[in-house]
Amino acid sequence: MAAALAATALAAAPAQTAAAAPAQVTRPTTLYTPPANPDARRQVLELAGQGRIRDAAGVLAMTLTPQAVWFGDGTPDEVRASVRKTVVDAARRHALPVLALYDIPGRDCAQYSAGGAADTAQYEAWIDAVRAGIGRLPATVVLEPDSLSLLPSDCGQDDAQGSRTTERYAEIHYAVDALEPLAGTKVYLDAGHSGWHSVNDIVPRLVTGGVGDATGFFLNISNYRSDSELAWYGKLISSCLSYVSAGGPAADCPNQWWPVNDAQAWLDTHVHEAPSAMKHFVTDTSRNGQGPWTPPAGVYSDPQEWCNPPGRGTGARPTPDTGDPLADARLWVKIPGESDGQCTRGTAGPDDPERGYPDPAAGKWFPQQALELVHNADPRLVR
């Protein structure tokens, strides 16, 4: 009976179609829920079959929450068709899709999520295909997570002339120029998160990457920083971008480690642009319900705090109604329940020493972590 109930619920989940798009679509306020990872659906059925109805309901609720659709690798023809299928299905449901584009050359510094286009020309052709796939339909684009916070120069992949980092900036700016002018598209650039780069460091990267021609920037993709911390960091970045656009140096701006009262006093003195005219941001709240993980002191040479940390939970539900004039949306960009990679935390592996077994490869469904995210969700996924 439990399995049958779960199967009925899964059958009601959104499924993509190839039907023609509506002729005219305004930018919707409801966010799009894509079809779930097939292994997530399988886990729901297995849990229900074991009589673990509350766990099954929690994983099901997690998969039925609006989240991003990721696009990486593939030929231009393949990505054009995939993007088109997504935006058409979203439009038919009067929902706004979030497209996470992840094909930049040298992606993830050739680490857990290595891959991407072979060179700039291939990447530009891929972006052109994304543009054709979106067309005039509404979309929010999260453009290349880690692309600006993890430059080739940050991870030893550049040459002596810095040409690969220069190419990275040009590639990001090309994508902004290709996608932001589309009728229903807003593009956000990578600004890492509040526990990584200082405001003074990330703002020049955003400027060079073309944030001036984009809607704004995104924070916390696949990470765990708290909502309040991200809101403050986002405000500081937006304010510094405003200050820099008026001719000021980014080095003068307050960063996230300044005393709050001192930073606010600086903003009050130096930034007078209305929030509506400033660069806005979106945040990823898919796994930040418990905040970041604190590794045990002195145990690991490289604790990899970002990589499948234990005891995390899903965070605030995706919504464009944030109550913050600079924050356009809270989103679930990282698909909760999908692995960050095979984390060994500086040990010889292959086990994740925090778990006692190997983690799935990056992007694969991680049933144990999925249940952790459900059990530790804040707010709760099921009542």
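Residues numbered from 1 in each chain as written. Predicted model: local features only at pLDDT ≥ 70, side-chain atom pairs only at ≥ 80, totals over all residues. Heavy atoms only, no water.

Engineer: Describe in detail the pattern of salt bridges, supporting the description with residues and values.
Structural biologist: Side chains that differ in sign of charge can pair as their charged atoms come close. Here the structure, examined in full by the defined rule, presents 15 salt bridges. Note that arginine 345 and aspartate 352 form a salt bridge whose closest N and O atoms lie 2.9 Å from each other. Each member of the pair, arginine 345 as well as aspartate 352, is classed as buried. For arginine 355, the salt bridge goes to glutamate 372, with nearest N and O atoms at 2.8 Å. Highlighted residues: arginine 355 in the loop between strand S7 (327–331) and helix H10 (367–375) and glutamate 372 in helix H10, separated in sequence by 17 residues. Here the two residues arginine 355 and glutamate 372 agree in accessibility, since each one is buried. Via salt bridges that share partners, Arg345, Asp352, Arg355, Asp359 and Glu372 belong to a single interconnected network. (Salt bridge = Lys/Arg side-chain N within 4 Å of Asp/Glu carboxyl O. Buried < 20%, exposed > 50% of the residue type's maximum accessible area, 1.4 Å probe, protein only. Helix = DSSP H or I, 4+ residues; strand = E, 2+ residues; numbered from the N terminus.)

Engineer: How would you explain a positive patch on the surface if you had to name every residue and give the values?
Structural biologist: Residues Arg54, Arg317, Arg380 and Arg383 make up a contiguous surface patch of positive charge. Along the polypeptide, arginine 54 turns up in helix H3 (residues 53–63). (Patch = residues over 30% accessible without salt bridge, like charges linked within 9 Å, V, L, I, M, F, W, Y side chains within 5 Å. Areas by Shrake-Rupley, 256 points an atom, 1.4 Å probe, with all protein chains shown as cover. Lys, Arg positive; Asp, Glu negative; His and termini not counted. Charge placed at Lys NZ, Arg CZ, Asp CG, Glu CD.)

Engineer: Can you explain the packing of aromatic side chains? Please cite residues and give values.
Structural biologist: Counting across every chain of the model gives five aromatic pairs. Each ring, one from tyrosine 123 and one from tryptophan 126, has its centre 6.2 Å from the other, and the planes form 15 degrees; the classification is stacked. Of the two residues, tyrosine 123 and tryptophan 126 are both situated in helix H5 (residues 120–134); the distance of three residues between them amounts to about one turn of the helix. Of the two residues, tyrosine 123 and tryptophan 126, neither departs from the other in class, the shared state being buried. (Phe/Tyr/Trp six-rings, centres within 6.5 Å; stacked < 30°, edge-to-face > 60°.)

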